[in-house]
Amino acid sequence: MTAQSIETTATVAASAAPLDMSRVADNEPVHGAEIIVPLNKLKASPNNARKTPHAAATIEAFAASIKAKGVLQPPVVAIERKEDGTATGNYLVTIGEGRRQGLRLLAKRKSIKKTHPVRVVLDTENDAHEISLDENITREAMHPADQFEAFNRLAVEKGYGPEEIGTRFGVSAHVVRQRLRLASVAPELIETYRAGGLTMDQLMGFAVSEDHDRQRQVFDRIAQNTPGYAVRRYMTEAKVELDERRARFVGVEAYEAAGGVVLRDLFTEDGAGWLEDIGLLDRLVQDKLDGLAEEAREREGWKWASAHFDFPYGETYSRVYAQAVERSEEAASAIVALSEEYDQLVVEIEDAEEPSPERDARLEEIDAALQAYGPGFAYTADDLARSGVIVTLGYDGLARFERGLVRPEDVVVEPQGETSGEEPGADSGAGGGEAVRGEETRGEEPEADEGLAPLSERLVIDLTAHRTAGLRDALAHDATLTLTVVVHAMALQTFYPGYDQTSPMSLRLGFLGLERLAPGVSESPAGLRINERGEQWRARLPAKAQELWSALLDLPGSDLLDLMAHCASLAVSAVRDPHDRRVGAWAQAEVLATAVGLDMTTTWTATAASYFSRVAKARMLEAVEEAVGKPDAERIAGFKKADMADAAELLVAGKGWLPPLLRTKPAVTPDASGDVEIEGAGEGEAPAPTGDDDAYSFAAE
């Protein structure tokens, strides 16, 4: 008799009264009979074809199903016999080992007794190993679509929630929610999935939203090989991701409290989600920024405050800076002592094997004492009275405060001293109008009887020209002082307003605002390092331009060089603007990059947003082939552009790939024979492209 006939016999026998186990022991066993056996008398069969143990989740599912509905299909058993052929009183489970383990799990949890009666079907004719194999092979698993539609029917017709369904089938409530969400996909898409026209990954992408119209629109757009993550992106392209800067700034809780709807993805491990009401989100962002700006104005005493999503680069602002707070010698000494003690305690805590409540308490005391002294730098009352603060939203989702900004109408222009060399208060118009320009005054000197009349403008120019020549000659013999003059001119332009740039050196730095050209560049690793250096120098330099010279004279040569490097670096531009084709400057920028060993992998990464979505598909394939190989490039060659950009980002991630424009040409050194040798290039290897090809510079995005 086959396994199928045993199951049929068992079904028929289920309607009859089960045989008592003692009768089977006394008389000849009846093949196909349904009997009652205590759970502790059921044993695993050594002839079971399934040698790989059931997964814990599978046993959990059996236990949950049995607890809710009982054993719906009796296990098939064989009589365990001794070597002499006599029965041991135990039964070997040939079919239904998972059910036996589910029952044992319930007994272990005290839900049933160890002697719980179990209905089984006795098999005395078939080979135990063969019917076990038959049971595991000759069956077809339920189609996933049937499964999640069946779960949905339980939810609709019986009102079961995810927790109840999960309990009855031994799966988590989250898994049930996933299957119910899949059941909510448009019916025609589910039928396409049944027919093999969609993959489960694609179906999960559609299920991110329950909007059937949107699902149908996206289905009409995608190709057969469109990956699931691309489907998900199409479904949510008009929504804001949870990790977008506006969402992080406002917070999901505040957004939902204001009535916003959050779309959750049940099929990703990171719990991705999207905010659907963009108008509401923008209003919440602006309201929060406005609140922070007004709070800063009231708390810190600014004349004005404003809030913007991004810094208003179209406006013109000058700036004032915080100045070091003057403290008494006693206060300064106390701060130094407290700071040193604080640092020492931190070192001791890090080295200690066990925590020390005493040290922690002392750290809190020191911190409170230092806070009581107030900040080391503060704005003057005059500066606060004419300047303000702008609050913007950073790319990391945090508010940015730009303090000390002075609007054009609030700029105070300090009077400049006379340049003609006359005494203060002298009337330059006295003496019959001697101060006239040009050749008309060449060689003309004031009459002797005119007294101390002002020098003519022409004579002043003549004399100061000679003075300039002497100054240049003398300065050329003092390299250190020349360095100070250069740094003074640079620092004036870098840190002080235009009306205070009073250096005698005609040195002009051109500062190009990169944020307007590439939004977010100031938040890049390089941009953050530049801003940090600038803030450190602002804290060290005096607040007034008139005091800068004396401050620079006190700096050691190494600090002067560092300050010059910071100021000069801000005037460097390697931007290739098609309206400013300075080919010579571009070439020199390449030479400079090689000289400093520029490695752009430390500050830029190729992503869909930063590169791939902005170039042609051929460029994407070129990048993938260079980064990971031709097979991967060929695999994504048929993707649509948006899908290809996402796929390219994933493939090149962590490979250190750079587009030619960002690659640095290796340094070259002459060998002993005078030939040029490329550092870092192996035999037969060509130097990496450096981006000199204009096709990379101005290709249409």
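Throughout, residues of each chain are indexed from 1 in the direction in which the sequence is written. At least 70 in pLDDT is required for a residue's local features to be given in this predicted model, at least 80 for side-chain atom pairs to be given and counted, and no such filter applies to totals for whole chains, interfaces and linings, which use all residues. Only hydrogens and water are set aside when side-chain values are computed; all heavy atoms of the structure are taken into account.

1. Details of the overall build of the protein
Heads up, the rule is: Working definition: helices are DSSP H or I runs of at least four residues, strands are E runs of at least two. Numbering for both runs from the N terminus. Burial classes: relative accessible area under 20% of the type maximum marks a residue as buried, over 50% as exposed, and values in between as partly exposed (1.4 Å probe, protein chains only). Here the open area of atoms and residues is found with the Shrake-Rupley method and a 1.4 Å probe, where only the protein chains shown may cover a residue.
Helix and strand content of the protein: 30 helices and 16 strands. Looking at the protein residue by residue over its 701 residues, the buried ones come to 32%. Counting only carbon and sulfur atoms, one obtains 53% of the accessible surface of the protein, whose full area is about 41,100 Å².

2. Observations regarding the packing of helix H27 (residues 617-628) against helix H29 (residues 641-652)
Stated formally: Think of each axis as a best-fit line through the C-alpha atoms, taken over the contacting stretch in the case of a helix, with angles from 0 to 180 degrees between the N-to-C directions. Oblique is the label for any angle not covered by the other classes, which are roughly parallel (under 35 degrees), roughly antiparallel (over 145) and roughly perpendicular (65 to 115). Here is the rule for handedness: rotate from the far helix to the near one, and if that takes an anticlockwise turn smaller than a right angle the crossing is left-handed, while a clockwise turn gives right-handed. Note on contacts: a residue pair qualifies if any of its non-hydrogen atoms lie within 4.5 Å across the two residues. Three classes are used: nonpolar for Ala, Val, Leu, Ile, Met, Phe, Trp, Tyr, Cys and Pro, charged for Asp, Glu, Lys and Arg, and polar for all others, with Gly counted as polar.
It is at 10 Å that the axes of H27 and H29 come closest, and there the two elements cross at 20 degrees. Of the possible angle classes, the one that applies to H27 and H29 is roughly parallel. Considering how the two elements wind past one another, H27 and H29 form a crossing that is left-handed. On H29, the residues that touch Lys617, Met620, Leu621, Ala623, Val624, Ala627 and Val628 of H27 are Lys641, Met644, Ala645, Ala648, Leu651 and Val652. Residue composition of the contact of H27 with H29, by class: eleven nonpolar, no polar and two charged.

3. Concerning the packing of aromatic side chains
Applied cut-off: Only centres within 6.5 Å qualify two rings of Phe, Tyr or Trp (six-membered ring in Trp) as a pair; their planes then separate them into stacked at under 30 degrees, edge-to-face at over 60, and tilted for everything else.
Following the criterion strictly, the structure yields eight aromatic pairs and no others. Seen from their ring centres, phenylalanine 206 and phenylalanine 219 are 6.3 Å apart, and the 55 degrees between their planes marks the pair as tilted. Residue phenylalanine 206 is located in helix H10 (residues 200-206), and its partner phenylalanine 219 is located in helix H11 (residues 212-221); the two are separated by 13 residues in the primary sequence. Among the residues examined, phenylalanine 206 registers a relative accessible area of 0% and is labelled buried. On the basis of relative accessibility, which here comes to 29%, the residue phenylalanine 219 falls in the partly exposed class. For the ring pair tryptophan 302 and tyrosine 379, a centre distance of 4.8 Å and an interplane angle of 70 degrees mean the geometry is edge-to-face. Residue tryptophan 302 is found in the loop between helix H15 (278-300) and strand E9 (304-307), and its partner tyrosine 379 is found in the loop between strand E12 (377-378) and helix H18 (381-386); the two are separated by 77 residues along the sequence. The exposure class of tryptophan 302 is buried, given its relative accessible area of 4%.

4. Focus: the sheet that holds strand E5 (residues 117-122)
Quick reminder of the rule: Pairing between two strands is assigned when DSSP locates at least 2 bridges connecting them.
Strand order in the open sheet made by the five strands is E1-E5-E3-E4-E2, with mixed pairing throughout. For this open sheet the edge positions go to strand E1 (34-38) and strand E2 (42-44), each flanked by a neighbour on one side alone. Adjacent strand axes in the sheet meet at a mean angle of 55 degrees, parallel and antiparallel pairs treated alike.

5. Notes on the side chain of threonine 494
Short version of the rule: N or O atoms closer than or at 3.5 Å make up a polar contact, with two conditions inside protein: a donor-capable atom paired with an acceptor-capable one, and, for residues adjacent in sequence, both atoms drawn from side chains.
Tracing the chain through its elements places threonine 494 in helix H21 (residues 479-495). Among the polar contacts listed, one links the side chain of threonine 494 to the backbone oxygen of methionine 490, at a separation of 2.8 Å. In this structure, threonine 494 is in contact with Leu509, Phe511, Cys567 and Leu570, ignoring residues within four places of it in sequence.

6. Thoughts on the pattern of salt bridges
Heads up, the condition is: Take a side-chain nitrogen of Lys or Arg and a carboxyl oxygen of Asp or Glu: if they are within 4 Å of each other, that pair is a salt bridge.
Scanning all chains against the criterion turns up 37 salt bridges. The partner of glutamate 402 in a salt bridge is arginine 319, and the shortest N-O contact between them spans 2.9 Å. Here arginine 319 lies in strand E10 (residues 318-319) and glutamate 402 lies in strand E14 (residues 399-406), a separation of 83 residues in the sequence. Look at glutamate 402 and you get partly exposed, because its relative accessible area is 27%. On the basis of relative accessible area, arginine 319 is assigned to the partly exposed category, the value being 25%. Between glutamate 622 and arginine 619 there is a salt bridge whose closest N-O contact spans 3.5 Å. With a gap of three residues between them, glutamate 622 and arginine 619 both fall in helix H27, about one helical turn apart.

7. Thoughts on the nonpolar core
Note the cut-off: Side-chain atoms within 4.5 Å link the members of a nonpolar core, which is a set of buried Ala, Val, Leu, Ile, Met, Phe, Trp, Tyr and Cys residues.
Counting residues in each nonpolar core, the largest one holds 24 residues, and the members touching the most others are Phe148 and Phe206. Those elements giving two or more residues to this core turn out to be helix H6 (144-157), helix H8 (173-183), helix H9 (187-194), H10 and helix H12 (228-235). Here phenylalanine 148 is in contact with Arg179, Leu182, Ala183, Ile190, Tyr193, Met200 and Leu203, once residues within four sequence places are set aside. Counting 19 residues, the second largest nonpolar core, distinct from the first, contains Ile35, Ile66, Leu105 and Val118.

8. Regarding the environment of alanine 616
With respect to the helices, strands and loops of the structure, alanine 616 is situated in the loop between helix H26 (583-596) and H27. Between the C-alpha atoms of alanine 616 and alanine 645, which are 29 residues apart in sequence, the distance is 9.7 Å.

9. Describing a nonpolar patch on the surface
Here is the rule: For patch building, the residue pool is restricted to those with more than 30% relative accessible area and no salt bridge; the joining distance is 9 Å between like charges and 5 Å between nonpolar side chains (Val, Leu, Ile, Met, Phe, Trp, Tyr).
Residues Val572, Leu592, Val596 and Leu598 make up a contiguous nonpolar surface patch of roughly 350 Å² in combined accessible area. For valine 596, a relative accessible area of 59% corresponds to the exposed category.

10. A word on the side chain of threonine 392
Turning to its location among the elements, threonine 392 is positioned in strand E13 (residues 388-393). The buried category is assigned to threonine 392, whose relative accessible area is 8%. Here threonine 392 is in contact with Leu289, His308, Phe309, Asp310, Phe311, Leu398, Ala399 and Arg400, once residues within four sequence places are set aside.

11. Section: the confidence of the model for the protein
Note: predicted coordinates in regions of low pLDDT should not be interpreted at a detailed level. Test applied: The predictor attaches a confidence to each residue, called pLDDT, with possible values from 0 through 100.
When pLDDT is averaged across the protein, the result is 78; 78% of the residues are at 70 or more. pLDDT under 50 marks residues 1-17. Its contacts with residues more than four places away, or in other chains, come to 25 contacts. The low-confidence segment residues 678-701 (pLDDT under 50) makes 38 contacts with residues lying over four places distant or belonging to another chain.

12. Examining the sheet that holds E13
Strand order in this open sheet of four strands is E9-E13-E14-E10, and the pairing throughout is mixed. The sheet is open, and its two borders are formed by E9 and E10, each paired with just one other strand. By the bridge criterion, six bridges tie E13 to E14 in an arrangement that is antiparallel. The partner of valine 391 across the bridge, within E14, is phenylalanine 401. Against the sheet, H15 engages E9, E13 and E14, with an angle of about 160 degrees to E9.

13. As for a negative patch on the surface
Rules: In this count, Lys and Arg are taken as positive residues and Asp and Glu as negative ones, while His and the chain termini are left out. Positions of charges follow a simple convention, taking NZ of Lys, CZ of Arg, CG of Asp or CD of Glu.
Judged by side-chain charge, Glu358, Asp360, Glu364 and Asp367 come together as a negatively charged surface patch. On the secondary structure map, aspartate 360 appears in helix H17 (residues 357-372).

14. A word on the pairing of strand E4 (residues 87-95)
When E2 meets E4, the two strands line up parallel, connected through three bridges. Bridge pairing in E4 places lysine 43 opposite leucine 92. Where strand E3 (residues 76-81) meets E4, five bridges bridge the pair, whose relative direction is antiparallel. In the sheet register, valine 76 faces E4, and the bridge partner there is isoleucine 95. Between E3 and E4, which pair antiparallel one after the other, the connecting turn spans five residues, and glycine 85 there sits at a positive phi close to 90 degrees.

15. Quick word on H12
Burial of H12 is extensive: six of the eight residues sit out of reach of the surface. Listing the buried residues of H12 in full gives Gly228, Ala230, Val231, Arg232, Tyr234 and Met235. As for H12, its buried residues are in contact with H10, H11, strand E8 (273-275) and H29.

16. A closer look at helix H25 (residues 557-570)
As a reminder, the rule being used: Each residue after the first adds 1.5 Å to the expected span of a helix. Picture the helix axis, draw a direction to every C-beta atom, and the arc is the one those directions span.
The end-to-end C-alpha distance of H25, which contains 14 residues, comes to 20 Å, matching closely the 20 Å that a straight helix rising 1.5 Å per residue would cover. The set of residues buried in H25 consists of Asp559, Leu560, Leu563, His566 and Cys567. Axial view of H25: buried residues confined to an arc of 130 degrees, hence all on one face.

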